[in-house]
Amino acid sequence: MRLDRGPMRASSDAAHPGFVLRDATAAAGIHFVHHRPTFDPKIAGVEPHVAAVGASVSVTDFDGDGWPDLYFTDSRFGEPNALYRNRGDGTFEDVAAAAGVANLNRPGEGVSMGGVWGDFDNDGREDLLVYRYGYLSLFRNVDGKHFQDVTEQAGLRRWMNSNGAIWLDYDRDGLLDLYVTAYFRSDIDLWHLTTTRIMHNSFEFATNGGKNALFHNLGGGKFEDVTDEAGVGSTRWTLAASSADFNGDGWPDIYLANDYGPEELYLNDHGRRFTLTTAGLESESKSGMSVTLGDAFNRGRLDAFVTNISERGYIFQNNNLRVNEMAGSHRFRNVAEGAIADAGWAWGAQFGDLNNDGANELFVANGFISANRNRSYWYAMSKIAGANGRLFEDAATWPAFGDASLSGYEPSRVYLNRGVAGWVDVAKKVGANDLYDGRAVALADLSNRGAVDVIVANQNQPAVLYRDFPDSANHWIAFKLIGTRSNRSAIGAEVLIEAGDLKQRRVIDGGSGFASQNDRRLHFGLGNHEWVDRAVIQWPSGTQQVIARPQIDQLITITEPER
Amino acid sequence: MADASRTTVAEGNALSRAWQRSSKIDPRYLIAFLITLVLVAAQLRYHMLGSYDRLVLALVVCTGTEAVLSWFDRGKFVNLLSAYISGISLTLLTKPQGGALWPFALGGFLAISSKYVLKYHENHLWNPTNFAISALLLAAPDKVSVLSHQFGNDVTTNLVIWIFGLIIAARVGVLHITLTYVLSFLILNGGRALALGQPLLPEIAPITGPMYQLFVFFMITDPRTVVRGRRRQIVVAILIAIMEMLIRFASDQGWPLPTAFNAAPAFLALAIVGPIAKWLDLRRLAARK
């Protein structure tokens, strides 16, 4: 693979990955188990498929104590979501009920599919948007302990059948806006179906999904729907969205991973509207499950990793690692090959420097439905997938699932970044051995010790926390950004560090991967570099700030300059 | 009114003349035209190829292997149209893991060399593409899958290809094979669905997909590997459909078949029945001489 920068060298190899992951779920006091929803009996035959999402995890510091907390969603009526407060001693306590964000899975309201955190009112406290197969819910963080449901006042009470949402400040007015993806159409109530024609009208080019929505933050706690004016109302069964300034024009763009369809890139035209651009994404239509952004080859640009489906003998859609060449050729180039291309039925993924060597690893959650080990639905899937759209979209014509598995019992993948030598899966070697049906993956330094821990929300199964233990010889640096002219959460801010021959960019996400959100603080591994020449911060407001020679091996808090 | 009648008659004559003229065209050109049409439609509308390098590689390997082996085997270069058809079929039908290119090179070589190695009475027994894909699927299901694209599950595109396909099949004189197989597929798998108490539509749905279009227009009708005689061809088409139905029945029952059988029952059915039928036919013809 030819890159426009010299070959990136990585100090690790498969035999010596330079880190281990230890399952610390129980020790941390995290006992969250996700439950899948049940729906109208009319679609009982395909319910395992339709109900195979909803396990999510997002990271925030909701009480502002400096320790990242975790929010998990459940998806069955009566089952609570969990807000795990980080006690700072390696353990967590579930405070969701006391905070008022637990009992959100109720008949008539829908079931949770995920949550994203962002300080929409710039009061210094992280607020929460919960998206459901059902109504959206916006919770204002009142005092770092309690939340108030402000959905109605905000103008966000909308039935959306959503699998994802991201905060972004698309018009750079300093107020966080909201982009919500929709999977099933909004006129579908999965508990009271009037038709079974609810599925995709194509195996690869489906366009009959729900309509994504962009809500503009007007200030004063109110939002308005600007989807049509902005031109971002895709109906392509979007499963995940991520936002960053891909083409370097200073305005955040939106990247969509669409199930049963090609990815989409909406370029932001100065905050006025978005333009759907092909950028090379149209060349292959797959089943995008998640999209995560990261500087895969230390070029100082944000690349996109989109997960897809592979199953031996039946389908090799292959994951996409799209190198960002928007500044030159205005395209993304897919360079995924070998191990990284085929993870199985891949879901959430995140870039993170797990060994602190200065190059991003990739953690990928896998597996769709683990049921009867001796019965696979793939043969049945291969029959209905070939049907014309009218048959395919009717859930009643799908062969019944029964107790079959569909790409079940697949291990997570941990891809070690070896630079030009490629990526290699070291999951077993480093200790990521679970066979759960992984969905959401989030990364956070939960103990403030310079290591990127991995939290995985599994479908209908227990969540897992992997503590990361990187090579202690490697250095690191982390940044916590506080916006002033920009949104207070600094969502959309990018940091580029330069340390000798090491150059790497990261962005603060307002939602990333599948149904997940990473720690707001940006962590960089430095390998054996003992100093950082400079850190360049590009704030969403347009302000560029340069920090010369920041201290390493610590978290640095930076507030955006007023002018 | 009289003018209109004359125009209609004139148009009818023109069509008739065109139909007669087409009978003088080498059938391979018509088949090559059809598969090129499928390729272009698939790529322009659905970006079905994935990448052009795999197409170039498959074509180069197929035509190159054909040229070299024909020179060694027959002392002359043969017409490369057949290799061209194999190369395109292989590209459309093979979906490798991780965008690997080797399956196109190996598949192309297997397809063409099978014509020169697996022979009986100077005739090859397997349709080259069928042999290559079946071999790849059986040997390396971890690395290779068959076509997963479905032409957007779009009726219009499928109809265009079916119409062109049926016209060309009629012109080439193999329409009875195509129709027999399709009819047999519908009856046998409809019956299977009823017998097993399964919904009918998913069982007959695969026939509408592009994998089956390539199968019915390019594989089971391959002039070099079908048996001689219209009646025998019909019988063999039915036998292939029966074999496929049996494979599908086994898959329904969850019998431990190699993945290739579950993923591509039609290809495996042809790979089993086709060469046996051809071998018996060649033996019969040899005995008559």
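What counts and what doesn't
- Residues numbered from 1 in each chain as written.
- Chains lettered and ligands numbered in written order.
- Predicted model: local features only at pLDDT ≥ 70, side-chain atom pairs only at ≥ 80, totals over all residues.
- Helix = DSSP H or I, 4+ residues; strand = E, 2+ residues; numbered from the N terminus.
- Buried ≥ 20, exposed ≤ 12 C-beta atoms within 10 Å, placed from the backbone.
- Contact = placed C-beta atoms within 7 Å.
- Pairing = 2+ DSSP bridges.
- Axes fitted to C-alpha atoms, helices over the stretch in contact; angles between N-to-C directions.
- Parallel < 35°, antiparallel > 145°, perpendicular 65-115°, else oblique.
- Left-handed = near helix turned anticlockwise from the far one by under 90°.
- Nonpolar A, V, L, I, M, F, W, Y, C, P; charged D, E, K, R; others polar.
- Expected span 1.5 Å × (residues − 1).

Student: Please explain the overall build of chain B as it appears in this structure.
Tutor: Broken down by element type, chain B carries 13 helices and four strands. When the backbone C-alpha atoms are referred to their principal axes, chain B occupies close to 70 × 55 × 50 Å. Evaluated residue by residue, chain B yields a buried proportion of 45% over its 289 residues. Taking the contacts inside chain B whose residues are at least 6 apart along the sequence as the reference set, 73% of them involve residues at least 24 apart.

Student: Even after reading the chapter, I still don't get the sheet that holds strand 9 (residues 147-149) of chain A, so can you show me in this structure?
Tutor: Strand pairing within a sheet occurs via backbone hydrogen bonds; the two strands may be parallel or antiparallel. Residue and element names in this part refer to chain A. Spatial ordering of the open sheet is given by 6-7-8-9, a layout of four strands whose pairing is antiparallel. The outermost strands of the open sheet, each flanked by one partner alone, are strand 6 (110-118) and strand 9. When strand polarity is set aside, the average angle formed by the axes of neighbouring strands in this sheet is 25 degrees. Two elements, strand 7 (residues 127-134) and strand 8 (residues 137-141), share three bridges in a ladder whose sense is antiparallel.

Student: What's the story with the pairing of strand 17 (residues 273-277) of chain A in this structure? I'm lost.
Tutor: In the case of a regular strand, side chains alternate between the two sheet surfaces. All names here are of chain A. Judged from the five bridges that link them, strand 16 (residues 264-269) and strand 17 form a sheet pairing that is antiparallel. Across the sheet, Tyr266 pairs through a bridge with Leu276, a residue of strand 17. Hairpin geometry of strand 16 and strand 17 is characterised by an intervening segment of three residues between the two adjacent antiparallel strands and by a positive phi of about 55 degrees at His270.

Student: What should I look at first to understand the packing of helix 4 (residues 81-93) of chain B against helix 5 (residues 102-117) of chain B in this one?
Tutor: Packed helix pairs are characterised by how far apart their axes lie and by the angle those axes make with each other. Residues and elements named next belong to chain B. Where helix 4 contacts helix 5, the axes come no closer than 10 Å and their chain directions differ by 140 degrees. Considering their axes alone, helix 4 and helix 5 lie oblique with respect to each other. The crossing of helix 4 and helix 5 is right-handed. For the pair formed by helix 4 and helix 5, the contact residues are Ala83, Ser86, Gly87, Leu90 and Thr91 on the first element and Phe104, Gly107, Gly108, Ala111 and Ile112 on the second. Counted by class, the contact of helix 4 with helix 5 contains five nonpolar, five polar and no charged residues.

Student: So what exactly am I meant to see when it comes to the environment of Val117 of chain B here?
Tutor: Residues and elements named next belong to chain B. Take Val117: it is sitting in helix 5. Judged by C-beta crowding, with 11 C-beta atoms within 10 Å, Val117 ranks as exposed. In the structure, Val117 is positioned 44 residues away from Asp73 in sequence and 9.9 Å away in space, judged by C-alpha atoms.

Student: It is not clear to me how the interface of chain A and chain B should be interpreted in this structure. Could you clarify?
Tutor: Reports often express the size of an interface as the amount of accessible area lost when the parts come together. Opposite the 36 residues of chain A that make contact, chain B presents 36 residues. Class assignment for the residues of the side of chain A that touches chain B results in 14 nonpolar, 14 polar and eight charged.

Student: Honestly, the environment of Gly438 of chain A in this entry has me stumped. Any pointers?
Tutor: Residues and elements named next belong to chain A. Considering the arrangement of structural elements, one finds Gly438 in strand 30 (residues 438-444). The sequence separation of Gly438 and Trp398 amounts to 40 residues, and the corresponding C-alpha distance is 25 Å. For Gly438, the contacting residues outside a window of four places in its chain are Trp347, Gly348, Ala365, Asn366, Gly367, Ser412, Val456 and Asn458.

Student: Just checking my understanding: could you explain helix 5 of chain B for this structure?
Tutor: At 3.6 residues per turn, the α-helix brings residues three or four places apart onto the same side. Along its 16 residues, helix 5 of chain B runs 21 Å from first to last C-alpha, staying within 8% of the 22 Å computed at 1.5 Å per residue. Buried positions along helix 5 of chain B lie against helix 3 (52-74), helix 4, strand 1 (94-96), strand 3 (123-124), helix 6 (128-139) and strand 4 (144-146) of chain B.

Student: Sorry if this is basic, but what is going on with unusual backbone geometry here?
Tutor: Glycine aside, negative phi is the norm for most residues, and most peptide bonds take the trans geometry. All names here are of chain A. Non-glycine residue Ala279 carries a positive phi angle of around 55 degrees. For Ala279, the location among the structural elements is in the loop between strand 17 and strand 18 (290-294). The exposure class assigned to Ala279 is buried, which follows from the 23 C-beta atoms found within 10 Å. The phi dihedral of Asn448 is positive, around 50 degrees, even though this residue is not glycine. Mapped onto the secondary structure, Asn448 falls in the loop between strand 30 and strand 31 (453-458).

Student: Where do I start with the environment of Asp189 of chain A in this structure?
Tutor: Residue and element names in this part refer to chain A. Secondary-structure assignment places Asp189 in the loop between strand 11 (177-181) and strand 12 (213-219). With 17 C-beta atoms counted inside 10 Å, the residue Asp189 sits in the partly exposed group. Between the C-alpha atom of Asp189 and that of Phe39, which follows or precedes it by 150 residues, the distance is 9.2 Å.

Purely geometric numbers; function is a separate question.
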